[in-house]
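Commentary on secondary and tertiary structure
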Protein chains: 2
Amino acid sequence: MERNTRQRTAIREALLLAARPLLPQEVLQAAQAQVPGMGIATVYRNLKALVDEGALRCVNLPGDNPRFETAGQHHHHHFQCQACERVFDVHACPGNLAALAPPGFVVNDHDLVLYGRCSDCQPGAAAPRR
Amino acid sequence: MERNTRQRTAIREALLLAARPLLPQEVLQAAQAQVPGMGIATVYRNLKALVDEGALRCVNLPGDNPRFETAGQHHHHHFQCQACERVFDVHACPGNLAALAPPGFVVNDHDLVLYGRCSDCQPGAAAPRR
DNA sequence: GTAGCTGCAAATTCTTTGCAGTTGT
DNA sequence: ACAACTGCAAAGAATTTGCAGCTAC
């Protein structure tokens, strides 16, 4: 049976608060604010368990390490800033993608990732993060 | 200046012959047929060099290790079959994606991956390929 | 009480790098 | 000749796992 440990709660809340996909390291950092001394292995173990039970979703951006976000959101895509490398949700979708596939192919799902500059990292912005 | 070593030639030809994205390990295996004793480090170094000089392209499928394919193709996306896991090129693009980003964000590029069934793997197809 | 959980450290896997010897030009 | 290249092995980085002690139920 699954238990409610301080560590698991801290991880869940870190992801709820962030409202964007986080790397395991970012989850660790946020959760350590609640539970000092927490180890990275605990983060990995809980992320895996929470994904299995459907509470989290794994977000894999091409060529980057996996991130995690809360599950149950509406269909959405992601935007990665080329300057600070953070990932943001994009609650929009071009739709009509089934038409792009070659004849005879059936499209069930899709991933879309936009790359560019987030509002914090515009050229001339006061203080680009990271 | 760049040299034409047997190793680099073998790597380039392995990818030309394959005509599909290969993993570094697959490249090594194919290239060792031409140059026995070649090391994996040489593969990585040359893949990187060839990508830098624009001869190869890196193909990153979500949750999978990077693959490499010959460059020089037109802007395209990928379709991964959920049955046979093969990856196909999609020579179409929805366009107009800049409008999807949140206000204040600038979009420079994008990746799109479609998931579904390729023509070989339709339900009822004779023999789905692996 | 005890099965599940935790932190630590060692193991794995994939990729990069330092080094001394080799090779293309 | 000599800088680029190579193989090897060690170093890194991300993730997983073994283990002995801790903790929620």
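Residues numbered from 1 in each chain as written. Chains lettered and ligands numbered in written order. Predicted model: local features only at pLDDT ≥ 70, side-chain atom pairs only at ≥ 80, totals over all residues. Heavy atoms only, no water.

**Some thoughts on the protein's contact with DNA strand D**
What surrounds DNA strand D is a group of 21 residues, the closest being A:Arg3, A:Tyr44, B:Arg3, B:Thr5 and B:Thr42. When atoms of DNA strand D within 4 Å of the protein are split into backbone and base, the sugar-phosphate part holds 65%. Backbone polar atom of A:Asn4 to a phosphate oxygen of DNA strand D: 3.4 Å apart, as the coordinates give it. For the surface near DNA strand D, the secondary-structure elements that each account for two or more residues are α3 (40-52) of chain A together with α1 (6-18) and α3 (40-52) of chain B. With four residues, α3(B) is the single largest residue contributor to the surface near DNA strand D. Residues that form the surface near DNA strand D fall into these classes: seven nonpolar, eight polar and six charged. (Near = heavy atom within 4 Å. Polar contact = N/O pair within 3.5 Å; in protein donor to acceptor, adjacent residues only side chain to side chain. Helix = DSSP H or I, 4+ residues; strand = E, 2+ residues; numbered from the N terminus. Nonpolar A, V, L, I, M, F, W, Y, C, P; charged D, E, K, R; others polar.)

**Digging into the relation of the copies chain A and chain B**
Mapping chain A onto chain B is achieved by rotating through 178° and translating by 0.3 Å along the same axis, at an RMSD of 1.9 Å. Interpreted geometrically, this transformation is the action of a two-fold axis. Relative to the rotation axis, the C-alpha of A:Pro62 is the closest in chain A, positioned 1.9 Å from it. (Least-squares fit on C-alpha atoms with pLDDT ≥ 70 in both.)

**Focus: the side chain of A:His110**
As for its placement among the helices and strands, A:His110 is situated in strand β5 (residues 106-117). Residue classification places A:His110 among the buried positions, given a relative accessible area of 12%. There is a polar contact of 3.4 Å between the side chain of A:His110 and the side chain of A:His75. A distance of 3.1 Å separates polar atoms of two side chains, one belonging to A:His110 and the other to A:His77. Sequence-distant contacts of A:His110, that is, excluding residues within four places in its chain, are made with A:His75, A:His77, A:Cys93, A:Leu97, B:Leu112, B:Val113, B:Leu114 and B:Tyr115. (Buried < 20%, exposed > 50% of the residue type's maximum accessible area, 1.4 Å probe, protein only. Contact = heavy atoms within 4.5 Å.)

**Thoughts on the pattern of salt bridges**
All names here are of chain B. Under the counting rule described, the total for this entry stands at nine salt bridges over all chains. Across the pair Glu69 and Arg57 runs a salt bridge whose closest N-O atoms are separated by 3.2 Å. Residue Glu69 is located in strand β2 (residues 67-70), and its partner Arg57 is located in strand β1 (residues 56-59); the two are separated by twelve residues in the primary sequence. Look at Glu69 and you get buried, because its relative accessible area is 5%. On the basis of relative accessible area, Arg57 is assigned to the partly exposed category, the value being 34%. Taking the shortest distance from any N to any O, the salt bridge between Asp64 and Arg67 comes out at 3.2 Å. (Salt bridge = Lys/Arg side-chain N within 4 Å of Asp/Glu carboxyl O.)

**Some remarks on the interface of chain A and chain B**
Chain A puts 32 residues into the contact, and the matching count from chain B is 32 residues. Summed over both sides, the interface between chain A and chain B buries roughly 2700 Å², with carbon and sulfur atoms accounting for 66% of that surface. Linking chain A with chain B are 14 residue pairs in polar contact (both at pLDDT 80 or more). Elements represented by at least two residues in the side of chain A that touches chain B include exactly β4 (87-90) and β5 of chain A. Considering each element in turn, the side of chain A that touches chain B owes the most residues, twelve residues, to β5(A). Tallied by class, residues from the side of chain A that touches chain B come to 19 nonpolar, nine polar and four charged. Pairing of β5(A) with strand β5 (residues 106-117) of chain B, which is carried by eleven bridges, proceeds in the antiparallel orientation. By the bridge assignment, A:Val113 is partnered in β5(B) with B:Asp111. (Buried area = accessible area lost by both parts, 1.4 Å probe. Pairing = 2+ DSSP bridges.)

**Observations regarding the domain arrangement of chain A**
Residues and elements named next belong to chain A. Under the domain assignment used here, chain A contains domain 1 (6-70) and domain 2 (77-121). On a C-alpha basis, the centres of domain 1 and domain 2 stand 22 Å from each other. In this assembly, ten residues from domain 1 lie in contact with eight residues from domain 2. Where domain 1 abuts domain 2, roughly 760 Å² becomes buried across the two surfaces, and 53% of that area is made up of carbon and sulfur atoms. Between the two partners, domain 1 and domain 2, sit three residue pairs in polar contact (both at pLDDT 80 or more). Per-class residue counts for the side of domain 1 that touches domain 2 are five nonpolar, no polar and five charged. (Domains from an automatic or database assignment.)

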